[in-house]
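Residue-level structure breakdown
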Amino acid sequence: MRTRQLIIGAILGLSAALPAAHAADNTADGKPKQSVGEYASDTVVTTKVKAAIVADKSLSALDIAVETNNGVVTLTGTVASAAQSDAATHAARGVEGVKQVKNNLKVDPTKAKK
């Protein structure tokens, strides 16, 4: 039983460390793209923005993708109305750690619920 817990803990630890190590990879000029700390912070911001979108009953989290890079949140996907696009931007701006929101959402009225 104890061995099993140790193995599971090691797997979880590695799965958490690998994305952070990947984020610190170098670019062609040898400078890091993003530090591990910045990557971790951006991951927290992304999670909080997704939670804010889920909490907004007018939005479908399945339709909106969230990506964060150095505190700049980019929203992509397709929503049913300009009001939903604005609501997603507002939800993202309300999250601590968000420096800027780039709204790349497309509006498709055919996505509206009937």
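Residues numbered from 1 in each chain as written. Predicted model: local features only at pLDDT ≥ 70, side-chain atom pairs only at ≥ 80, totals over all residues. Heavy atoms only, no water.

The number of helices and strands found in the chain is three helices and three strands. When the elements of the chain are put in sequence order from the N terminus, they spell out α-α-β-β-α-β. Excluding contacts between residues fewer than 6 apart, the proportion of contacts in the chain whose partners are at least 24 apart in sequence is 56%. Carbon and sulfur atoms make up 58% of the accessible area of the chain, which totals about 7,800 Å². (Helix = DSSP H or I, 4+ residues; strand = E, 2+ residues; numbered from the N terminus. Contact = heavy atoms within 4.5 Å. Areas by Shrake-Rupley, 256 points an atom, 1.4 Å probe, with all protein chains shown as cover.)

Attention shifts here to the nonpolar core. Judged by nonpolar contacts, the single largest core of 17 residues is most densely connected at Val 49, Ile 53, Ile 64, Val 66, Val 73, Leu 75 and Val 98. For this core, the elements supplying multiple residues, two or more each, are α2 (36–55), β1 (64–69), β2 (72–79), α3 (82–93) and β3 (100–107). Looking at which element gives the most residues to this core, the answer is α3, with four residues. (Core = buried A, V, L, I, M, F, W, Y, C linked by side-chain atoms within 4.5 Å. Buried < 20%, exposed > 50% of the residue type's maximum accessible area, 1.4 Å probe, protein only.)

A rise of 1.5 Å per residue sets the reference length of α3, with its 12 residues, at 16 Å; its end C-alpha atoms lie 17 Å apart and thus fit the reference within 8%. When we look at burial in α3, the residues that qualify are Ser 85, Ala 87, Ala 88, Thr 89, Ala 91 and Ala 92. (Expected span 1.5 Å × (residues − 1).)

Another aspect to go through is the environment of Lys 50. Its place among the elements puts Lys 50 in helix α2. Residue class for Lys 50 comes out partly exposed when judged on its relative accessible area of 42%. Distance from Lys 50 to Ala 65, taken between C-alpha atoms, is 8.2 Å for residues 15 residues apart in sequence.

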